[in-house]
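# Structural description and commentary
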Amino acid sequence: QMQLVESGGGLVTAGDSLRLSCAASGRPLSYYNVAWFRRAPGKEREYVGDISPGGDTTTYADPVKGRFSISRNNADQTVYLQMSNLRPDDTAVYYCAAGKDIGGEYTFWGQGTQVTVSS
């Protein structure tokens, strides 16, 4: 089993930046693609982006391209989501996930961290 714990969420003002962390334990993080998702109030869970096991490839959803950046430090078992120029519609609970299966679903999930962006 792998455990994932997100941290770094909080209340910020539009235009601010915030960095979320996803700390892994139980298995070597370097084995896994890691993704970030978010769920806004009253909405479905939304894919934000992901990073390859070695960190050489990142992919982002259109709403966050150019504003969000994912990086990782496998030695520290941590993946980061750097968020810049935050907007009120970025308000959501943010989750990290690892262990993508052949069907595209992720096996391991964190508990989430709340990000609230005020206008």
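In what follows, the structure referred to is the one given above.
As the structure is a prediction and not an experimental result, all values here were calculated from the model.

The next point concerns the nonpolar core. The biggest cluster of nonpolar side chains holds 29 residues, and the ones touching the most others in it are Trp36, Leu81, Met83 and Tyr94. At the level of elements, β3 (18–25), β4 (34–39), β5 (45–51), β7 (68–73), β8 (78–83), β9 (92–100) and β11 (113–118) are the ones that each hand at least two residues to this core. Beyond its immediate sequence surroundings of up to four residues, Leu81 is in contact with Leu18, Arg19, Leu20, Trp36, Val48, Phe68, Ser69, Ile70 and Tyr94.

Note on aromatic pairs: each is described by the distance of the centres and the angle between the planes. The full count for this structure, using the stated rule, is six aromatic pairs. Between Phe37 and Tyr47 the ring centres are 5.8 Å apart and the planes differ by 75 degrees, which places this aromatic pair in the edge-to-face class. A residue pair is termed long-range when its members are at least 10 positions apart, and Phe37 in strand β4 and Tyr47 in strand β5 qualify at 10 residues. Accessibility expressed as a relative area gives 27% for Tyr47, which makes it partly exposed. Ring geometry for Phe37 and Trp109: centres 5.0 Å apart, planes at 45 degrees, overall tilted. Here Phe37, found in strand β4, pairs with Trp109, found in strand β10 (residues 106–109); they are 72 residues apart in sequence, far enough to count as distant. Among the aromatic residues, those joined into a ring-pair cluster are Phe37, Tyr47, Tyr106 and Trp109. Its guanidinium or amino end placed over the ring of Phe37, Arg45 lies 5.3 Å from that ring's centre, counting from NZ or CZ.

To continue, consider the sheet that holds β8. What links the strands of a sheet is backbone hydrogen bonding, and the strands pair in either a parallel or an antiparallel sense. With antiparallel pairing, four strands are arranged side by side in an open sheet as β1-β3-β8-β7. Edge positions in the sheet fall to β1 (3–7) and β7, since each has one partner strand and no second. Each strand axis lies, on average, 15 degrees off the axis of its neighbour in the sheet, ignoring direction. Where β7 lies against β8, six bridges are found, and the strand directions are antiparallel. Following the sheet pairing, Phe68 is matched in β8 by Met83.

For β4 and β5, the ladder comprises six bridges, and the chain directions are antiparallel. By the bridge assignment, Val34 is partnered in β5 with Ile51. Count of turn residues in the β4/β5 antiparallel hairpin: five residues, of which Gly42 carries a positive phi of about 75 degrees. In this antiparallel pair of consecutive strands, β5 and strand β6 (residues 58–60), the connection spans six residues, and Gly55 shows a positive phi of 85 degrees.

In terms of burial, β8 is largely enclosed, as five of its six residues are buried. One ladder, built from six bridges, connects β3 with β8; its direction is antiparallel. Its bridge partner being in β8, Cys22 is matched across the sheet by Val79. What sits between β7 and β8 in their antiparallel hairpin is a turn of four residues, with Gln77 showing a positive phi close to 60 degrees.

What counts, and where the lines are drawn
- Residues numbered from 1 in each chain as written.
- Predicted model: local features only at pLDDT ≥ 70, side-chain atom pairs only at ≥ 80, totals over all residues.
- Heavy atoms only, no water.
- Core = buried A, V, L, I, M, F, W, Y, C linked by side-chain atoms within 4.5 Å.
- Buried < 20%, exposed > 50% of the residue type's maximum accessible area, 1.4 Å probe, protein only.
- Helix = DSSP H or I, 4+ residues; strand = E, 2+ residues; numbered from the N terminus.
- Contact = heavy atoms within 4.5 Å.
- Phe/Tyr/Trp six-rings, centres within 6.5 Å; stacked < 30°, edge-to-face > 60°.
- Lys NZ or Arg CZ within 6 Å of the ring centre and 35° of its normal.
- Pairing = 2+ DSSP bridges.
- Axes fitted to C-alpha atoms, helices over the stretch in contact; angles between N-to-C directions.

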